[in-house]
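Overview (structure and organization)
Read off the chains here:
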Amino acid sequence: MRENISDKIIIRAFKPQDLFIVSEIEQESFDVHGYPGFFFQQAFEVFGKLFRVAEVEGKIVGYVLGALQYDCSEAWLLSIAVLKSYRQKRIGLLLTEDLLNICRNMGVISVSLTVEPDNFGAQKLYEKFGFAEIDRIDNYFGHNEPRIIMKWIAPALITEE
């Protein structure tokens, strides 16, 4: 019988001691296009509440990093990554859900992100949450670095009277 790790996944706030493993996950996932380690330390200082990690039995296996825009009504999902050996286990889904819930609780009305046009798995994941393509830019990160821009609009909060 195959072990189900879904019940063992814990999503929690990033801590400075997580920096090394988050940097490793980033490099494994994005290679030369990944953020350098020092960026994550700075991101924690600035966007701490929107920096989350996924842990399975004490091992960090993924992370998500969001950032508020200057007026705090909009945010960006800057990066999300899961160790290759832990993919297809709902970790990316749980990290995305967690970030969107935090954003919604902070009063954020929309979250944007970029995704490679050929990363159909990521696009499908984002679409499950209601993200929709709003633009395609051929040279987003430089020459021949295309990206799709997707946006999520927070559902209206229901208030009881």
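Along each chain, the written sequence defines residue order, and numbers are assigned to residues from 1. Where totals are concerned, whole chains, interfaces and linings use all residues; where local detail is concerned, this predicted model gives features only for residues with pLDDT of at least 70, and gives and counts side-chain atom pairs only at 80 or more. Side-chain calculation: all heavy atoms of the structure are included, whereas hydrogens and water are not.

**Side note on the overall build of the protein**
We count a stretch as a helix when DSSP gives it H or I for four or more residues in a row; a strand needs E for two or more, and each element gets its number in order from the N terminus. When its secondary structure is counted, the protein shows 4 helices and 7 strands. In the protein, the succession of α and β elements from N to C terminus is β-α-α-β-β-β-α-β-α-β-β. A compact globule built from 161 residues should have a C-alpha radius of gyration of about 15 Å, and the protein, at 16 Å, falls within 12% of that. In terms of its C-alpha atoms, the protein occupies a principal-axis envelope of roughly 50 × 45 × 35 Å. Here's how the labels work: a residue is buried when its accessible area is under 20% of the maximum for its type, exposed when over 50%, partly exposed in between, all with a 1.4 Å probe on protein chains only. A total of 161 residues make up the protein; the buried ones form 40% of that total. Each radius of gyration is computed over the set of C-alpha atoms, and the globule rule expresses the reference value as 2.2 Å times the number of residues to the power 0.38.

**A short note on helix α1 (residues 19-30)**
Here, expected helix span is obtained from the residue count minus one, scaled by 1.5 Å. Here α1 spans 16 Å end to end across 12 residues, near enough to the 16 Å set by a 1.5 Å rise per residue. Every residue pair with non-hydrogen atoms within 4.5 Å of one another is taken to be in contact. Residues of α1 that are buried in the fold lie against α2 (37-47), β2 (51-56), β3 (59-68) and β4 (74-82). The positive-phi residue at the C-terminal boundary of α1 is Asp31, with phi of around 50 degrees.

**Examining the packing of α1 against α2**
Helix axes use the C-alpha atoms of the stretch in contact, all axes being lines fitted to C-alpha atoms, and the angles between their N-to-C directions lie in the range 0 to 180 degrees. Interaxial distance between α1 and α2 falls to 9 Å at its minimum, and their mutual angle equals 125 degrees. In terms of their interaxial angle, α1 and α2 are classed as oblique. α2 is crossed by α1, and the crossing has right-handed handedness. Across the interface between the two elements, Leu19, Val22, Ser23 and Glu26 from α1 touch Gly37, Phe40 and Gln41 from α2. Any residue that is not Ala, Val, Leu, Ile, Met, Phe, Trp, Tyr, Cys, Pro, Asp, Glu, Lys or Arg is counted as polar, Gly included; the first ten are nonpolar and the last four charged. Of the residues in the contact of α1 with α2, the class split is 3 nonpolar, 3 polar and 1 charged. Here is the rule for angles: anything less than 35 degrees is roughly parallel, anything more than 145 is roughly antiparallel, 65 through 115 is roughly perpendicular, and the remaining ranges are oblique. Each crossing gets its hand from how the near helix is turned against the far one by less than a right angle, where anticlockwise is left-handed and clockwise is right-handed.

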